[in-house]
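Report on the structure
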Amino acid sequence: MSVEQALSIIKPDGVQKNLVGEIVGRFEKAGLEIIAARMIHLSREQAEEFYTVHKERPFFDDLISYMMSGPVMVLVLQGDSAINANREIMGATNPADAEPGTIRADFAESIEENIVHGSDGPDTALQEIAFFFGDGGICPRTRQDCTKWPPARSNSNRRPHPMWPV
Ligand code: CMP
């Protein structure tokens, strides 16, 4: 296993259904770290450029309209085999084929409105991350054990955070 980064998009239907926290929670529970996040309402130009690989597909126009229909949340996920891990958490593109317990099986209406997007390979991940965060916004994790909550207390005199279990 190697540490990878993957782009995730919580699409307009996911944001509309107030599923941002639920979806981010699934990523975090699986051990993936969020190292960048931004909410953005895509313009037609941005949506067409992002999905240019699908330009000749019959569903392209509907895909662009859908992706412009409301704001999306774009995230960079980091972790061991993050690209495949994210794909497993999302489930198959068509929710009808997605494993129970995956995001798309649980929340997506159809293959057209399927709640989330995730990078499908290392080259795509690099390209997609640069598309949204090429101008900055990636925040490397600089604290150790930041995926473990609550963190181990090294200094017993330190006042605990009020939210931490005693
Ligand atoms: P996504 O993983 O973002 O990649 C391309 C998107 O096109 C896909 O999710 C769906 O939202 C959309 N789409 C619509 N129809 C189809 C289809 N028949 N096959 C694949 N993707 C489709």
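The following paragraphs examine the structure supplied in this document. In this convention, every chain numbers its residues from 1, walking through the sequence in written order. Two thresholds apply to this predicted model, a pLDDT of at least 70 for residue-level local features and 80 or more for giving and counting side-chain atom pairs, whereas whole-chain, interface and lining totals are computed over all residues. Here the side-chain values reflect all heavy atoms present in the structure, with hydrogen atoms and water set aside.

**Quick look at the site of the ligand**
Stated formally: We call a residue near a given molecule or strand whenever any one of its heavy atoms falls within 4 Å of it. By the criterion applied in these results, polar contacts are pairs of N or O atoms within 3.5 Å in which, for protein atoms, one can donate a hydrogen and the other can accept it, and in which residues neighboring in sequence qualify only through two side-chain atoms. Accessible surface is estimated by sampling points in the Shrake-Rupley manner with a 1.4 Å probe; for residues, cover comes only from the protein chains shown.
Neighbouring the ligand are the residues Lys-11, Tyr-51, His-54, Phe-59, Leu-63, Thr-93, Arg-104, Ile-111, Glu-112, Asn-114 and His-117. Here an oxygen atom of the ligand and a backbone polar atom of Ile-111 are 3.4 Å apart. Within the contact set of the ligand, an oxygen atom lies 3.1 Å away from a side-chain nitrogen or oxygen of Asn-114. For the ligand, whose accessible area on its own is 450 Å², the fraction buried by protein is 81%.

**Remarks on the sheet that holds strand 4 (residues 116–118)**
The condition is simple: One requirement defines pairing of two strands: DSSP has to find at least two bridges between them. Secondary structure elements are taken from DSSP: a helix is a run of H or I of four residues or more, a strand is a run of E of two residues or more, and numbering for both begins at the N terminus. Helix axes are fitted to C-alpha atoms over the stretch in contact, other axes to C-alpha atoms as well, and angles between N-to-C directions run from 0 to 180 degrees.
Judged by pairing direction, the sheet is antiparallel, and its four strands sit side by side in the order 2-3-1-4 without closing on themselves. With one partner strand each, in any of the chains shown, strand 2 (33–40) and strand 4 form the two edges of the open sheet. Averaged over all adjacent pairs, the angle separating strand axes in this sheet is 20 degrees, with direction ignored. Where strand 2 meets strand 3 (residues 72–80), seven bridges bridge the pair, whose relative direction is antiparallel. Counterpart to Met-39 in the pairing with strand 3 is Met-73.

**Considering a negative patch on the surface**
Basically, it comes down to this: Here the term patch refers to residues with relative accessible area over 30% and no salt bridge, with like charges joined within 9 Å and nonpolar side chains (Val, Leu, Ile, Met, Phe, Trp, Tyr) within 5 Å. Only one rule defines a salt bridge in this text: a Lys or Arg side-chain nitrogen within 4 Å of an Asp or Glu carboxyl oxygen. When charges are counted, neither His nor the chain ends are considered; positive counts come from Lys and Arg and negative counts from Asp and Glu. Each charge is placed at NZ for Lys, CZ for Arg, CG for Asp and CD for Glu.
On the surface, Asp-61, Asp-62, Glu-112 and Glu-113 cluster together into a negatively charged patch. With respect to the helices, strands and loops of the structure, Glu-112 is situated in the loop between helix 6 (103–107) and strand 4.

**Considerations on the pairing of strand 1 (residues 3–10)**
Sheet topology note: the strand 1/strand 3 ladder contains eight bridges and is antiparallel. Its bridge partner being in strand 3, Ile-10 is matched across the sheet by Met-73. Relative to strand 4, strand 1 is paired through three bridges, and the arrangement is antiparallel. Of the residues in strand 4, the one forming a bridge with Ser-8 is Gly-118.

**What about the layout of surface pockets?**
Empty pockets left among the atoms are what a rolling probe the size of a water molecule brings to light. Let me state the cut-off plainly: Here a cavity is any set of points on a 1 Å grid over the protein atoms alone where a 1.4 Å probe fits but cannot get out, and a pocket is any open set with protein on both sides within 12 Å along at least 5 of 7 lines; a residue lines the site when it has an atom within 4 Å of a point. Grid points are joined across faces, edges and corners, and a volume is the space filled by probe spheres set on the points.
There is about 830 Å³ of room inside the largest pocket. Contributing to the lining of the largest pocket are 29 residues, with Tyr-51, Val-53, His-54, Leu-63 and His-117 lying nearest its centre. Elements represented by at least two residues in the lining of the largest pocket include exactly helix 3 (44–50), helix 4 (60–67), helix 5 (82–90), strand 4 and helix 7 (122–133). When residues of the lining of the largest pocket are assigned to their parent elements, the largest contribution, four residues, is made by helix 7.

**Focus: helix 4**
Note the threshold: Burial here depends on accessible area, computed with a 1.4 Å probe over protein chains only, as a share of the maximum for the residue type. Under 20% is buried, over 50% is exposed, and the range in between is partly exposed. Directions from the helix axis toward the C-beta atoms define the arc. Any pair of residues with heavy atoms lying within 4.5 Å of one another is described as a contacting pair.
Looking only at helix 4, the buried set comprises Phe-60, Leu-63, Ile-64, Tyr-66 and Met-67. Buried residues of helix 4 fall within an arc of 160 degrees about the axis and therefore sit on the same side. Exposed side chains of helix 4 directed beyond 90 degrees from the buried face belong to Asp-61 and Asp-62. Contacts from the buried residues of helix 4 go to strand 1, helix 1 (12–16), helix 3 and strand 3.

**Comments concerning the side chain of His-117**
If you trace the backbone, His-117 turns up in strand 4. For His-117, a relative accessible area of 12% translates into the label buried. Reaching out from His-117, the side chain makes a polar contact with the side chain of Glu-128 at a distance of 3.0 Å. Excluding anything up to four places from it in sequence, His-117 contacts Leu-7, Ser-8, Ile-9, Lys-11, Phe-50, Tyr-51, Asn-86, Met-90, Arg-104 and Glu-128.

**A few points about the nonpolar core**
As a reminder, the rule being used: In this description, a nonpolar core means a group of buried Ala, Val, Leu, Ile, Met, Phe, Trp, Tyr and Cys residues linked to one another through side-chain atoms lying within 4.5 Å.
Counting residues in each nonpolar core, the largest one holds 21 residues, and the members touching the most others are Ile-10, Ile-23, Phe-27, Leu-75, Ile-103, Ile-115 and Val-116. Per element, the largest residue contribution to this core is four residues, and it comes from helix 5. Discounting residues that sit within four places of it in the chain, Val-116 has contacts with Ile-9, Ile-10, Lys-11, Ile-23, Met-90, Ile-103 and Arg-104. Among the nonpolar cores identified, the runner-up in size contains 20 residues, and Leu-7, Met-67, Val-74 and Phe-132 belong to it.

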